[in-house]
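Spelled out, the chains give:
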Amino acid sequence: MQSRFSEVSLFLLEEILVQVPASDLVHRCRLVSSLWRDMVDSAFLWKRKCKREGLRPRDPASSPADWRLFYFLSQWRRNLLSNPRAEEGFNNWTLCSNGGDKWKIEPIDPEHALPDDTVQKYFVTSYSLCMKSQIIDLRKEGYSVRVLDEIRPDIVCSDWYAPRWDCGSKYEFCIQLLSAKHEVIQQFEPEPVIFPQWNDMEWREMTHVFSGYGRGVRFVKFSHGGSDTQFWAGWYGIRVTNSSVVVEAERRARQ
């Protein structure tokens, strides 16, 4: 009878704890007693908490090695770039090259909108090279040395770009993972994308996933831009917007 009562008590305790905010679980509840500590530290509790809040692995057949870490990384999942859609002018961007008639911000043409129709503005380049960049401090964004050096979750980078239909243009994209001393640990820099005059003017997405990138990553440097290829005065060069850098909650399954 006593054993049955204990089982019911543990079940009720778990039902209560799974509804407690995560920060309170870690900083308060686990300090109550050894029983509560063991309960809070159990993978089963965090697996239930993930399920309750709709946080699921990309591959349903796989299971995270650490459900608590998976929970917190999923909660923190967000775009780490500031002002990616030109809604705040050029705030938070460093204009590395500002050639021709310089960078400009224009409204999205409704007839040539992005798949995400909430994007209302874009950055546009001119007739000489225009490049801008942003450096993300991963430690300041909340990612610990343990997460970055031992877990090493995927870092997913994305950018949307499009030409004007009546002028040729060039698009350039470079992402770097940097050490604490800003040394390059890994880099993705594809060949420039060249568009001819009289093109479809459609928006395209450039993406890259950094996986298994080694220890020491502390910063991500995101750079993009380009120019027109016909040297026309004004803003006939490549357009960019809706950029993102996201730290995923888990590493993707390897082929």
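Rules and cut-offs
- Residues numbered from 1 in each chain as written.
- Predicted model: local features only at pLDDT ≥ 70, side-chain atom pairs only at ≥ 80, totals over all residues.
- Heavy atoms only, no water.
- Helix = DSSP H or I, 4+ residues; strand = E, 2+ residues; numbered from the N terminus.
- Rg over C-alpha atoms; globule rule 2.2 N^0.38 Å.
- Buried < 20%, exposed > 50% of the residue type's maximum accessible area, 1.4 Å probe, protein only.
- Contact = heavy atoms within 4.5 Å.
- 1 Å grid on protein atoms, 1.4 Å probe; cavity = no way out; pocket = protein on both sides within 12 Å on 5 of 7 lines; lining within 4 Å.
- Points joined across faces, edges and corners; volume = space filled by probe spheres on them.
- Nonpolar A, V, L, I, M, F, W, Y, C, P; charged D, E, K, R; others polar.
- UniProt positions renumbered as here; feature names shortened; annotations may be inferred.
- Polar contact = N/O pair within 3.5 Å; in protein donor to acceptor, adjacent residues only side chain to side chain.
- Salt bridge = Lys/Arg side-chain N within 4 Å of Asp/Glu carboxyl O.

Some remarks on the overall build of the protein
Helices and strands together make up the secondary structure of the protein, namely 6 helices and 11 strands. For 255 residues, the compact-globule estimate of 2.2 N^0.38 gives 18 Å, and the C-alpha radius of gyration of the protein, at 23 Å, exceeds that figure by more than 25%. Referenced to the eigenvectors of the C-alpha coordinate spread, the extents of the protein come out at roughly 85 × 40 × 35 Å. Counting only residues that meet the buried cut, the protein has 44% of its 255 residues in that class. Looking at the protein alone, contacts between residues at least 24 apart form 76% of all its contacts between residues at least 6 apart.

Here's the deal with the layout of surface pockets
Over the atoms rolls a probe the size of a water molecule, and its path tells where empty space is left. Volume-wise, the second largest pocket comes out at about 200 Å³. K47, R48, C50, K51, L55, R56, P57, P60, S62, S63 and W67 together form the lining of the second largest pocket. Tallying contributions element by element places helix α4 (residues 43–52) first for the lining of the second largest pocket, with 4 residues. Each residue belonging to the lining of the second largest pocket can be placed in one class, and the counts come to 5 nonpolar, 2 polar and 4 charged.

Description of the UniProt feature "domain: FBA" (unreviewed entry) in the protein
Summarizing the sequence annotation, UniProt attributes the feature "domain: FBA" (unreviewed entry) to residues 70–249 in the numbering used throughout. Helix and strand shares over residues 70–249 are 8% and 41% respectively, and the end C-alpha atoms of the span are 6 Å apart.

Notes on unusual backbone geometry
Positive phi, normally seen in glycine, also occurs at M201, with a value near 65 degrees. Mapped onto the secondary structure, M201 falls in the loop between β8 (193–195) and β9 (204–210). Not every positive phi belongs to a glycine, and F231 is a case in point at roughly 60 degrees. Summarising the element assignment, F231 is placed in the loop between β10 (219–228) and β11 (239–247).

Observations concerning the environment of E172
Among the structural elements, E172 can be located in strand β6 (residues 169–178). Distance in space between the C-alpha atoms of E172 and S227 is 8.9 Å, their sequence separation being 55 residues. Those residues within four positions of E172 in sequence are excluded, and the remaining contacts are L129, M131, P192, S223, H224 and G225. A distance of 3.3 Å separates polar atoms of two side chains, one belonging to E172 and the other to K170.

Focus: the pattern of salt bridges
Applying the stated criterion across every chain yields a total of 16 salt bridges. Across the pair R30 and D41 runs a salt bridge whose closest N-O atoms are separated by 2.6 Å. With a gap of 11 residues between them, R30 in the loop between α2 (22–27) and α3 (34–41) and D41 in helix α3 connect regions that are remote in the sequence. Given a relative accessible area of 36%, D41 falls into the partly exposed group. When salt bridges that share partners are traced, they join E14, E15 and R48 into one network.

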